[in-house]
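What the coordinates show
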Amino acid sequence: IFVPSPYNYVYAKMEQKGMPEETLSDELRLQMLRAMCEDDPRLDVDDVECRHPENWYTTETMNYIQEKYPNAHITCLGGADRVRGYINAYRFIPFTDKYSYTIVTRGDDDPISILKEKPEAWERKDRFNIISAPKNLDGISSSAIRNKLRAGESGAEEMCHPKVWELL
């Protein structure tokens, strides 16, 4: 279940990078995710965070998804670049009491060393499932796509689902 972050969160993140004008609308990001998922019944999209853009945290999202699927084991999926944010989150301990994280590494990412930085996180290392990105997906990210498009380089199309590329 893909749950895109709301526009204001993405805008703030892009503003920090000096590229706020590259922030795509909630509607377009939802449309791209739905296009990517429509042919695979294992995949779904939920707009819960876009409907609750203020004071809505990952914990609320996970609780919402768990309520929709009460018998499912759910995990929060993110890249290794998010680990530091996860372990420093306001409700990290109660979150890891209930949910786990699945961390996808690319290249030389080392989430274990980040977990070791904080004793509370290291004590809960079993709540972090660390997996490597498949080799054919390594190097693919929204940042890599934006960089190629900004530089006018080829290759961005190959990094996208064909239906997503059409929308872009």
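For the structure itself, look to the data block above.
The present account deals with the structure reproduced in this document. (Residues numbered from 1 in each chain as written. Predicted model: local features only at pLDDT ≥ 70, side-chain atom pairs only at ≥ 80, totals over all residues. Heavy atoms only, no water.)

Look at any regular strand and the pattern is simple: side chains alternate between the two faces of the sheet. With 5 of its 6 residues buried, strand 2 (residues 100–105) lies for the most part within the structure. Judged from the 5 bridges that link them, strand 1 (residues 75–79) and strand 2 form a sheet pairing that is parallel. Across the sheet, the residue bridging to Gly79 is Val104, located in strand 2. Two elements, strand 2 and strand 3 (residues 128–132), share 5 bridges in a ladder whose sense is parallel. (Buried < 20%, exposed > 50% of the residue type's maximum accessible area, 1.4 Å probe, protein only. Helix = DSSP H or I, 4+ residues; strand = E, 2+ residues; numbered from the N terminus. Pairing = 2+ DSSP bridges.)

On to the side chain of Asp40, then. Along the chain, the position of Asp40 falls in the loop between helix 2 (26–37) and helix 3 (48–51). Taking the relative accessible area as the measure of exposure, Asp40 reaches 18% and is therefore buried. Of note is the side chain of Asp40, whose polar atom sits 2.6 Å from the side chain of Arg42. (Polar contact = N/O pair within 3.5 Å; in protein donor to acceptor, adjacent residues only side chain to side chain.)

Bringing the nonpolar core into the picture now. Membership of the largest hydrophobic core comes to 17 residues, with the highest contact counts inside it found for Ile87, Tyr101, Ile103 and Phe128. Elements supplying a minimum of two residues to this core: helix 4 (58–68), helix 5 (83–87), helix 6 (92–98), strand 2 and helix 7 (111–116). No other element matches the 3 residues that helix 5 contributes to this core. Contacts of Ile87, omitting those with residues within four sequence positions, involve Phe92, Ile114, Leu115, Lys118, Ala121 and Phe128. One finds Met32, Ala144, Cys160 and Val164 within the second-largest nonpolar core, a separate group that totals 7 residues. (Core = buried A, V, L, I, M, F, W, Y, C linked by side-chain atoms within 4.5 Å. Contact = heavy atoms within 4.5 Å.)

Read from one edge of the open sheet, 3 strands run 1-2-3, paired in parallel fashion. Two strands close off the open sheet at either side, each with one partner strand: strand 1 and strand 3. Strand-to-strand twist in this sheet, taken as the mean axis angle between neighbours without regard to direction, amounts to 25 degrees. (Axes fitted to C-alpha atoms, helices over the stretch in contact; angles between N-to-C directions.)

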